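# An overview of the molecular structure
Now for the letters of each chain:
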Amino acid sequence: MISDPLLPILHAAAEVFLSRPGLARQEHDVAQFASDQRQLILDTLVKLPGLRAQVRNRLRMTRDRLDLKAVSTLVLSADRDTVMAGLRLVDELAKEGRTQQTLRKRHQDRVRELQEKLETAKGRHEHAQAALQSANSALADAEKRAEELDVQVAALQRRLHDPRAMASSLLGVLQKSPGSADMGSEARDPRNRPAQAEDEPMPLVALSASSAGIEPETLVTALQAIIMPPPLEPKVSRVTVTRERHLRINPLGGATEIGGSCVLIEAGDTRVLIDAGLRPGDPALPPRDIDQALSDPVHAVVVTHAHIDHCGYVPALVEHSPDLRVIATSETNALMPRMWADSAKLMGERERLHRRWGAEGEALYQRDAVEAATQRCEEIPYGIPREIGDVTVELFPAGHILGAAGVVVQAGNQRIVVTGDISGFRQETVDGYSIPDSARTADLFVMESTCCAEEHVQRETRVKDLIRAVEEIHAGGGRVLIPAFALGRAQELALIMRVQLPDVPVLIDGMAADVASSFERITADRSTPLRIFGGNVARASRVRDLDAFTSGVVITTSGMLTGGPAVEWAAKILPEARSALFLSGYQDEESGGARLLRLVEEQASYLTVNDRGVQKEIPLNARIEMMRLSAHADKRGLLDIADEVRPRRIMLVHGLPHRQRAFRKILEVRGHHCAPTGRWG
């Protein structure tokens, strides 16, 4: 029923009134007249049956207006009593309608009040959920760090009861030059230190030996005998069979591929590995031909740096050979346990997932192996020879990342130099390489060739391009996501932002933040320690910052967009037209980063990702570019290194075959002699 059931009858009656000769000449609004003269019209309808008859004739009713028909039947009846009864009924209905309207308004107000309370409660619930997720995330990070510390503490406790480990640590301290721990890699290069007389002992060794009343050489020999005891001679020995001390080399991994680096060097009865890294993939795999090394005893593995493709398989080696010596710089020894623990965790999670679905997927090693490998770590300062059976190894600064080293291996009058990953330019976190005299004119120079086909733009120019791009996005109110490798690249980017863009907020997330804290601890006692956090750089709180951090830079893992926090951030940032995603390093062909670049070339609208088993389509509205800041020497840099060393032969490793073939031709044109990538000696 309409709000006023008499309204059509009143309008029809008003038309009759206004049609009278006295009013017909005047202009009147029917609706207004009916409203103003309502009571007059009703009184007249009651008194005049003829008016009721005229109104019935004028009243227009459609078939669906049954309510109007019922009211008009009563109010326009020929019987006056029926008319009066009809008007009273309409009046009662109007009162009831007003009452219902009042109640309805009260109910609506109550519903609105309850809805507001519900929205408030939902907001509080969502806030509580976000706080809980943030707390859980913080707890997970704390547990992760606690587990890392547990591993290191357990390893340190075991080292305290291990004479070989203690002797190795003591020898490392004694062989350091005074103040060397406080300087950068350039200052630690032996060629840059003040010259000493040939017979002048190192001060710490001399002081210790003098206190003990022995010669420094005797002290060093004694400690080396504890570290690597000489084999026991049989009581009766008429014939001793020995092997010649010629150096032999066999690249077992990372020879004509990038990743899984491992080089076997042999001399006499001594077998040493330079690096033992994992090959990238799902799952990560050991060095391609590692079984060739494990067929006989391996005495030591010398690790060039802490990237997982160079050190990731070491815990499995220690598990296979509990007495294996793990030799590296102090920085690399400090960083490797963190990298190993993360690999063990990822492999463990993958193993549990595969078992749940009845598939095979055994982890290469677990936490116990990480603890054992950490216990076996020995520090060698740059430029100090260390004997390992029939060979002597010496480390030199290789640039690349914090603690990275090249290795000079000598047996008799032969020398092999393995660069590891190397770079000659200064970075925010590390200086370039420093080739020592012991590496020059080596018999064989085993050189990485990751970027041997590339000619990089000057680093200063690349940094300026990145800074300019970040400034543009930030000025437009957007945010920049930079997926980066957890060790080295992420810290380098953070320091670039802190130094050159101090007004742009920067967040570091994931494992990259943990490694940044390690960088600060490792360099704390230097004259110029690395300070990554502070100022405009902070650790991310992902649950809160995914939405709350609306403008600035996010640096996080993984560098190839294969997983980790970078995928979560990408899902939020890629749909934003005013934001950007900048890839900063090498992208494997099967990686998420390489796939994203291909989609950009194809002008695709969406990126499909697997988020915990759920396929999601992420709109590609953000600016997407490669802003590569490689930490490897390019073609010109590698040629400079080769020219500086001037070895008898050069062997290329850690690169792609077709690039290596082209680069060998360039080396030969420049007067270098190249050996095939494979067995030598």
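Residues numbered from 1 in each chain as written. Predicted model: local features only at pLDDT ≥ 70, side-chain atom pairs only at ≥ 80, totals over all residues. Heavy atoms only, no water.

### Regarding the pairing of strand E1 (residues 248-253)
Selection rule: Burial classification: accessible surface area is computed with a 1.4 Å probe over protein chains only, and a residue below 20% of its type maximum counts as buried, one above 50% as exposed, and the rest as partly exposed. Helix and strand labels come from DSSP, where a helix needs a run of H or I of at least four residues and a strand needs a run of E of at least two; each type is numbered from the N terminus. Strands pair, by our definition, only if DSSP identifies at least two bridges between them.
Across the six residues that make up E1, a large majority, six, are buried. Relative to strand E2 (residues 262-267), E1 runs antiparallel, the two sharing five bridges. Within the sheet, the bridge partner assigned to Ile249 lies in E2 and is Ile265.

### Section: the packing of helix H1 (residues 7-18) against helix H5 (residues 49-58)
Quick note on the threshold: Every axis corresponds to a line fitted to the C-alpha atoms, with the helix fit spanning only the stretch in contact, and the corresponding angles, defined between N-to-C directions, vary from 0 to 180 degrees. Note that the term roughly parallel is reserved for angles under 35 degrees, roughly antiparallel for angles over 145, roughly perpendicular for angles of 65 to 115, and oblique for everything else. It is the rotation of the near helix from the far one that decides the hand of a crossing: anticlockwise by less than a right angle makes it left-handed, clockwise makes it right-handed. Two residues form a contact once any of their heavy atoms are found within 4.5 Å. Three classes are used, and their members are as follows: Ala, Val, Leu, Ile, Met, Phe, Trp, Tyr, Cys and Pro are nonpolar, Asp, Glu, Lys and Arg are charged, and the others, Gly among them, are polar.
Between H1 and H5, the shortest axis-to-axis distance is 9 Å and the interhelical angle comes to 110 degrees. Here H5 runs roughly perpendicular to H1, going by the angle between their axes. Handedness of the crossing formed by H1 with H5: right-handed. Counted together, Ile9, Ala12, Ala13, Glu15, Val16 and Phe17 of H1 and Leu51, Gln54, Val55 and Arg58 of H5 form the full contact between these two elements. Classifying every residue of the contact of H1 with H5 gives seven nonpolar, one polar and two charged.

### Topic: the pattern of salt bridges
Put simply, the test is: Within this document, salt bridges are pairs made up of a side-chain nitrogen of Lys or Arg and a carboxyl oxygen of Asp or Glu, the two lying within 4 Å of each other.
Under the defined criterion, the tally for this structure stands at 34 salt bridges. Among the ionic pairs, Lys105 bridges to Asp109, the shortest N-O distance being 3.2 Å. Of this pair, Lys105 and Asp109 both sit in helix H7 (residues 80-160), four residues apart, which is roughly one turn of that helix. The salt bridge partner of Arg112 is Asp109, with a shortest N-O separation of 2.8 Å. One end of the pair is Arg112 and the other is Asp109, both in helix H7 and three residues apart, which spans about a single turn. Salt bridges here are not isolated pairs; linked through shared partners, they connect Lys105, Asp109 and Arg112.

### Things to note about helix H8 (residues 163-174)
Applicable threshold: Given a helix with a known number of residues, its expected span is that number minus one, times 1.5 Å.
Under the 1.5 Å per step criterion, the end-to-end length of H8 is 16 Å for 12 residues, consistent within 8% with the ideal 16 Å. If you check which residues of H8 are buried, you get Arg164, Ala165, Ala167, Ser168, Leu171, Gly172 and Leu174.

In short, the description is geometric, and any link to function would need to be established separately.
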